[in-house]
Amino acid sequence: GSVVGRLDARGLLTRMAPPSDRRVRAIFITKEGKKVNRRLGTVTRRARERLVKDLTPGERSELIRLLRKLLNIEDEGKGSSPRTAKR
């Protein structure tokens, strides 16, 4: 099944058709879904903190810069993006 279908089956979200257009399905996160989302946020934040705990602030900035470069994310206002840079 789809991701949405699996989340619905677990009770983490619900799908509803608005009365004005039964062809459309609106997706809403449930109370249980909000709880899971909060827990995931806590877990991922702790994992990120553990990954960079031994880095200096400068090293963290450099890591972010390099990850953005690898992912081809433009560094806002700081030169050209890796996609458009002349090689």
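Residues numbered from 1 in each chain as written. Predicted model: local features only at pLDDT ≥ 70, side-chain atom pairs only at ≥ 80, totals over all residues. Heavy atoms only, no water.

Caption draft 1: Main features of the pattern of salt bridges. Inspection of every chain in the model, using the stated rule, returns 7 salt bridges. For the salt bridge of Arg 45 with Glu 49, the shortest nitrogen-to-oxygen distance reads 3.6 Å. Here Arg 45 and its partner Glu 49 are both found in helix H2 (residues 31-52), 4 residues apart, which amounts to about one turn of the helix. In this structure Arg 45 comes out as partly exposed when scored by relative accessible area, which is 39%. (Salt bridge = Lys/Arg side-chain N within 4 Å of Asp/Glu carboxyl O. Helix = DSSP H or I, 4+ residues; strand = E, 2+ residues; numbered from the N terminus. Buried < 20%, exposed > 50% of the residue type's maximum accessible area, 1.4 Å probe, protein only.)

Caption draft 2: Representation of the side chain of Thr 30 within the structure. Structurally, Thr 30 is set in the loop between strand S2 (26-29) and H2. A polar contact of 3.0 Å, which involves the side chain of Thr 30, links it to the backbone nitrogen of Gly 33. What Thr 30 contacts, discounting residues up to four positions off in sequence, is Gly 11, Leu 12, Leu 13 and Thr 14. (Polar contact = N/O pair within 3.5 Å; in protein donor to acceptor, adjacent residues only side chain to side chain. Contact = heavy atoms within 4.5 Å.)

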